[in-house]
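Structure at a glance
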Amino acid sequence: MATTELRNSRFRASFTDPEQLLRAVAYLRAAGHRVLDTYTPFPVHGMDEALDQRPSRLPRACLAFAALGLALAAGLQIWTSAVDYPLIMGGKPLLAIPAFIPVAFELTVLLAGLGVVASFFLVARMRPRWRVPDLHPGANDDRFILAAELATDVQFPAVARDLADLGALESSLLVEDRFQRGGSFWDRPAGVGALLLACLPAFLILLLVPVLNRDFQRRNLAWDGGMGAPLSAQAFDASGVLPGGKVLQAPPPDTLSRRGEPPLAYGPGKAEADRAGRELPNPYQPTQARFNRGKLVFERVCATCHGREGDNNGSVIVARGAFAPTVLVSPVVRDMPDGRLFHIATFGGPTKMKGYGDLLSREDRWNVVLYIRELQKAARPGPTASTPASTGAQP
Amino acid sequence: MSQTFTVPVRDLTKSGIPTLADIGERLRGGAWAFVLLGAGLLGLGLVLQAERGWGNLLLTTFNLACVGLGGLFLLAIQSITGARWSDPILKAHRAMPALLPRAGLLMLLLWFGAATLYPWARPDAATHEALHGRLGWLNPPFFFGRVALIFGAWIWTGRRLTQQGKGAAPFILVFGLTFSVANFDWLMSLEPVWSSTIFAIYGFSGMFLQGIAIVTISAIVLRRVGLLPAVSKAQNHDLGKLLFAFSCFWAYIFLSQFLLIWYANLPEETGPMRLLLQGRWMPLFYLNLILNFGLPFVLLLGRKAKTSEAVLLATCALLLAGRWLDLYLQIMPPVLHGLTPAFGLAELGGILLQLGLGHLSCWPVFMKDANPAQELPQGG
């Protein structure tokens, strides 16, 4: 075996100063010994030249992995945001390069870093071990170590004397490397178990999250009298720097507008709802197109709670007692005027229902009112009164 | 051993080879010419268009101060970390802080131009909405009191650090606070509507990058004239790596500031940024990115490039131009009230003044402990 042949021919020496190490390496090489490697707490200038090492090829792996990361991140973002599912976000263009940079940068750095470390382990044939073979504990602290192999026909004591003259703290022959025998469990390469163990601190930190959680509602102390707070411009302020001299700008092209509808002359609340019921007629006549549109909107938005037939059947909420919504085909709702229903669709009901004025266009809300009337016509007048889980007249 | 540059051995008895004293004499004459011409052009610029003149004086002053601080900061972190790689080039670091007193005097000159530059120094400042409640901090006497205090702190801690090698850690603390205040005061208050909490870090990233660039140029030039004989390829490689890393750092900080403004699109932040992104300032905005990040990244990517003196010199020249442009884009848009950018007498004067003052301040420090009769290495 190779290890037995190498027995008693390899030695190490430790120094306190990188200059001494450099001199020792030069001396050993000149004397015909083979310097295997040096182990230092930090890179020593000139060591590559002293050991006559070829430049590392790892930078090429680094560049390749970095390019791969960049291509992956850029490709994924561009394809998803601009090609496969183009969706305008925040008035930004589809191909919003600045928005892609952080992810592209992080993935580039991540793959470059992990890739070059993996390549290094691969090239250096290093694998995780339970117990790390340690040439000299000081190599990670403040000692500069070299490992070398004796030239043939040279006795070690002579070399050790020369090394001591060069400033070596100690030098010793290396005995057979017991790690190469792989005797005990701890000397074998570590597998997945070591990886899981390494992840343990991360799990422990997760346990701390509830403790570290702080109250984000509380405001910080304004130690500078608020001078550091930015001056926020309001929508209707004048502006010295923005086009048109005002803060409010025209929306970007292709923005969906509310179709220039004038403000609604009604506010939220019971009195306003009653007033809407008295004053507001449905401006649209029932047609097939309006029926279809109303059905579409109703089934997407309203049916979740009210049920597809307006009778709470099949709704997600039907079995929940007090949370059950008003039955739309009940006599109470039949008797409500169109304007009142429209008001509820816009501002919400008096108890639970939220208003949909900011989500549905005005026309769609009227279409839904038309569709509800059709539902009421279709429903048999009898059983609606006995439909379970209705809370009565509260819309 | 580390690879050193081959300098041919000269016959010292031969005459006709210029000595250090000779070249110092020649360079000093040139530097004085630069200073006088620069000051004259800047003065002419002041008369022709006051805003541009004062703006360029502020740019010149701030840049000179940043060069001094860059040297000090590099010196401080090398002292704290106990770095030894930089021992052969520390002379280049030690020379740069000599600029600080001169920059301080120039900064105090701005007292006369404050009303032209800063909205808070104008008589109608009280009616400026953005300045409401801020005039207690931003008023000329307090402002220039801070200027004097800040420069005093820099010069005092700098002297201790360069001459006695003491106080590196306190300097870092003092520097962090004062440099932030300086950036917020001198540059960001030009446009009171606009604010950015990362502004000082952005200024720091540019300052640090510029400091490394000037150390690199000094190290290469001084090695060539024989003042830093111990500089080897290893130092060049380290400086190249630093340049590469901090060019990326600058871009990182630049994007950190820009991305949030671009994304949030808040009117008070986007307004001033709009000037740079649209219209005639746009090419300069992109040129800034190319000079400070794009070209240095490509040029310094390879290992050989990081040790090549020619590539390093070219990159440093690009970076210095980029730093000037970076400051120009921070100072000029608010000062010119959104007019188009211009390069003319005032800008040229400012640059000449920087080069001349830079040389006059640093060369005596370079020459300290050097033998003036030493002859220049030929073909080194």
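Residues numbered from 1 in each chain as written. Chains lettered and ligands numbered in written order. Predicted model: local features only at pLDDT ≥ 70, side-chain atom pairs only at ≥ 80, totals over all residues. Heavy atoms only, no water.

1. Quick look at the overall build of chain B
In terms of regular secondary structure, chain B is built from 14 helices and 0 strands. Ordered by position from the N terminus, the helices and strands of chain B form the series α-α-α-α-α-α-α-α-α-α-α-α-α-α. Its C-alpha atoms give chain B a radius of gyration of 21 Å, within 12% of the compact-globule value 21 Å for 380 residues. For chain B, the spread of C-alpha atoms along the principal axes amounts to about 75 × 40 × 40 Å. Buried residues in chain B amount to 52% of all 380 residues. Restricting to contacts in chain B with at least 6 residues of sequence separation, those with at least 24 account for 82%. Surface summary for chain B: the accessible area is close to 16300 Å², and the carbon and sulfur share equals 68%. Between the centroid of the 26 positive side chains of chain B and the centroid of its 17 negative side chains there is a distance of 9 Å. (Helix = DSSP H or I, 4+ residues; strand = E, 2+ residues; numbered from the N terminus. Rg over C-alpha atoms; globule rule 2.2 N^0.38 Å. Buried < 20%, exposed > 50% of the residue type's maximum accessible area, 1.4 Å probe, protein only. Contact = heavy atoms within 4.5 Å. Areas by Shrake-Rupley, 256 points an atom, 1.4 Å probe, with all protein chains shown as cover. Lys, Arg positive; Asp, Glu negative; His and termini not counted. Charge placed at Lys NZ, Arg CZ, Asp CG, Glu CD.)

2. Details of unusual backbone geometry
Residue and element names in this part refer to chain A. The phi torsion at D52 lies on the positive side, around 55°, for a residue other than glycine. Mapping D52 onto the fold places it in the loop between α3 (47-51) and α4 (58-84). Judged by its relative accessible area of 58%, D52 falls in the exposed class. The phi dihedral of D153 is positive, around 65°, even though this residue is not glycine. Its place among the elements puts D153 in the loop between β3 (144-149) and α6 (156-165). For D153, a relative accessible area of 79% gives the class exposed.

3. Considerations on the nonpolar core
Ranked by size, the top nonpolar core spans 117 residues in total, and within it Y118, W154 and W186 of chain B carry the most contacts. For this core, the element with the highest residue contribution is helix α2 (residues 50-81) of chain B, accounting for 15 residues. Apart from residues lying up to four places away in sequence, W186 of chain B is in contact with L58, F62, M107, Y118, F143, V147, I150, F151, W154 and V181 of chain B. F15, L21, V25 and A50 of chain A belong to the second largest nonpolar core, which has 22 residues in total. (Core = buried A, V, L, I, M, F, W, Y, C linked by side-chain atoms within 4.5 Å.)

4. A few points about the sheet that holds strand β4 (residues 170-173) of chain A
Residues and elements named next belong to chain A. One open sheet accounts for 4 strands, arranged β2-β3-β1-β4; its pairing is antiparallel. With partners counted over all chains shown, the strands left at the sheet margins are β2 (34-39) and β4, one partner each. Mean inter-strand twist for the sheet, computed between neighbouring axes without regard to direction, equals 20°. Where strand β1 (residues 10-15) meets β4, 4 bridges bridge the pair, whose relative direction is antiparallel. Among the inter-strand pairings, S14 is bridged to a residue of β4, identified as E170. Contacts from helix α2 (residues 18-30) reach β1, β2 and β3, with the element oriented near 10° to β3. (Pairing = 2+ DSSP bridges. Axes fitted to C-alpha atoms, helices over the stretch in contact; angles between N-to-C directions.)

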